[in-house]
Amino acid sequence: MPTQVTLIPGDGIGPSIANATVRLLAAAGADIEWDTQVAGMAGVARAGDPIPEATLDSIKRTKLALKGPLETPVGEGFRSINVALRKTFDLYANVRPAYSIAPNGRYKDIDLVLVRENTEGLYVGIEHYIRVGNDPRAAAESIAIITREGSERIVRYAFEYAVKHNRKKVTLVHKANILKFSQGLFLDTGRMVARDYAGKIEFEERIVDAMAMNLVLHPEKFDVIVTTNLFGDILSDQISGLVGGLGLAPGANIGVGGAIFEAVHGTAPDIAGKGIANPGAVMLAACMLLDHIGDSDRGNRIRRAFENTVKEGKTVTRDLGGTASTDEFTDAIIAKL
Ligand code: NAD
């Protein structure tokens, strides 16, 4: 039986890089049946809604989605699409692997995975202004919510990921020296979870500012990194920069109600419709999807074909220093399979 997966091609460069990925997976023999749905501006155009019910119903049914980048329409009444998906499916773990692929990159030996808590922290959206005298916006307050339950499940997810993927170490990143309550609870809970893996997976702690510096000085020293929402947001973009930029950065949002795999980058309006976008990030996200459904052999075979094409450097897109179109790059990867 083929695995049913919801496919959301997305906006801007989304459809072309999603098509390229579907073509690559078919060439690799992946047994996937795609249920194509719309969201973002395509959702507004087709169904008057950036996240149409039919799209949500499809993900509820398949519990798996591959998503191209979406443009969140600006204006009253529109929800943030990513936040809505995260909430609807309780996608609490944002997983972003990064490893050195591009030749002539600044770093040669990076192979790390950042696991970001996706539902709590400063991004819960509890904010207000405080009036002082005549100034209604004299001050502003944003509240960070950290729970023991949320911390435990994300740190446990990071350790389980380490076990499953034969990784050696989990680094917990925090700011408990200043934010003693919220970050302190995250750190204490993390330490408690780490005890369950003592002797199997090494555990270390880093304060976020020192971590940012260490990632630039010695990124090869890190393996699995787990942190809270805001720090994860910032560090994950930093990490994608270390390995060659957005065109090579996949991500997954994994949770109770399903798993959504995507490129980290956006709709790239400046190059949309030109046929020159790098499909790599969505392709690598599809490899994470294959891992998730237990087809890692195929995922790794696609990764090797992709890496070899990039390393050879003959038929790659412009962001990787070449002149190939999206389709030519895809054909070259398929030829290497
Ligand atoms: P962007 O990631 O779309 O583009 C940043 C730069 O990177 C651009 O110069 C672009 O050409 C380049 N780039 C991005 N992906 C590329 C690829 N695959 N190949 C080659 N070059 C690539 O970021 P932005 O311009 O800030 O955002 C544009 C739109 O995307 C906005 O509407 C934003 O809301 C949306 N967005 C969506 C997501 C998502 O759905 N996950 C994420 C980020 C941004």
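The shown structure was predicted, so the numbers you read here are calculated from the model rather than taken from an experiment.

Engineer: Describe the overall build of the protein, naming the residues involved and giving the relevant values.
Structural biologist: If you tally the helices and strands in the protein, you get 11 helices and 12 strands. The globule rule puts the C-alpha radius of gyration for 337 residues at 20 Å, and the 20 Å found for the protein is close to it. Along the longest, intermediate and shortest principal axes, the C-alpha atoms of the protein span 60 × 50 × 40 Å. The buried share of the protein, reckoned over its 337 residues, is 50%. Of the contacts formed within the protein by residues at least 6 apart in sequence, a portion of 71% connects residues at least 24 apart.

Engineer: So what's going on with the environment of Asp-109? Residues and values would help.
Structural biologist: Checked against the element boundaries, Asp-109 lands in the loop between strand 4 (93-99) and strand 5 (111-117). With near-sequence residues (within four places) excluded, Asp-109 lies in contact with Ser-100 and Glu-220.

Engineer: Now, about the site of the ligand: what can you tell me, with residues and values included?
Structural biologist: In the vicinity of the ligand lie 19 residues, with Leu-70, Gly-266, Ala-268, Asp-270 and Asn-278 positioned nearest. In this structure, an oxygen atom belonging to the ligand sits 2.7 Å away from a main-chain N or O atom of Ala-268. Compared with its free state, where it exposes 820 Å², the ligand has 65% of that area covered by protein. Along the lines of polarity and charge, the residues of the shell around the ligand split into nine nonpolar, five polar and five charged.

Engineer: I'd like a description of the sheet that holds strand 5, backed by residues and values.
Structural biologist: Strand order across the open sheet formed by 10 strands is 2-1-3-12-11-4-5-10-8-9, with mixed pairing between neighbours. Every interior strand has two partners, whereas the edge strands, strand 2 (32-36) and strand 9 (202-207), have only one. Here the strands of the sheet are splayed against their neighbours by 25° on average, with no regard to which way each runs. Of the strand pairs in this sheet, strand 5 and strand 10 (residues 224-227) are connected by four bridges, and their pairing is parallel. Note on strand 10: the bridge partner recorded for Leu-114 is Ile-225. With respect to the sheet, helix 8 (residues 229-242) is in contact with strand 4, strand 5, strand 8 (169-174) and strand 10, its orientation differing from that of strand 5 by roughly 155°.

Engineer: Break down the environment of Ser-151 for me, with residues and values.
Structural biologist: Position of Ser-151 among the secondary structure elements: in helix 5 (residues 148-164). By relative accessible area, which is 1% here, Ser-151 ends up buried. For Ser-151 and Arg-96, which are 55 residues apart along the polypeptide, the C-alpha to C-alpha distance reads 18 Å.

Engineer: I'd love a proper account of the layout of surface pockets, names of residues and values included.
Structural biologist: To find leftover empty space, one rolls a probe the size of a water molecule over the atoms. Within this model, the largest pocket holds a volume of roughly 660 Å³. Lining the largest pocket we find 26 residues, and of these Tyr-161, His-165, Arg-167, Asp-291 and Arg-303 sit closest to its centre. Those elements that place two or more of their residues in the lining of the largest pocket are strand 4, strand 5, helix 5, strand 11 (250-254), helix 9 (280-292) and helix 10 (296-312). Tallying contributions element by element places helix 10 first for the lining of the largest pocket, with five residues. Broken down by class, the residue content of the lining of the largest pocket amounts to 11 nonpolar, five polar and 10 charged.

Engineer: So, unusual backbone geometry: which residues are in play, and what are the values?
Structural biologist: For residues that are not glycine, phi is negative in most cases, and the peptide bond is trans in most cases. If you check the backbone angles, Lys-63 has positive phi at about 60° while not being a glycine. Looking at the element boundaries, Lys-63 is found in the loop between helix 3 (53-62) and strand 3 (64-67). Classification of Lys-63 by relative accessible area gives partly exposed; the value is 44%.

Definitions and limits used
- Residues numbered from 1 in each chain as written.
- Predicted model: local features only at pLDDT ≥ 70, side-chain atom pairs only at ≥ 80, totals over all residues.
- Heavy atoms only, no water.
- Helix = DSSP H or I, 4+ residues; strand = E, 2+ residues; numbered from the N terminus.
- Rg over C-alpha atoms; globule rule 2.2 N^0.38 Å.
- Buried < 20%, exposed > 50% of the residue type's maximum accessible area, 1.4 Å probe, protein only.
- Contact = heavy atoms within 4.5 Å.
- Near = heavy atom within 4 Å.
- Polar contact = N/O pair within 3.5 Å; in protein donor to acceptor, adjacent residues only side chain to side chain.
- Areas by Shrake-Rupley, 256 points an atom, 1.4 Å probe, with all protein chains shown as cover.
- Nonpolar A, V, L, I, M, F, W, Y, C, P; charged D, E, K, R; others polar.
- Pairing = 2+ DSSP bridges.
- Axes fitted to C-alpha atoms, helices over the stretch in contact; angles between N-to-C directions.
- 1 Å grid on protein atoms, 1.4 Å probe; cavity = no way out; pocket = protein on both sides within 12 Å on 5 of 7 lines; lining within 4 Å.
- Points joined across faces, edges and corners; volume = space filled by probe spheres on them.

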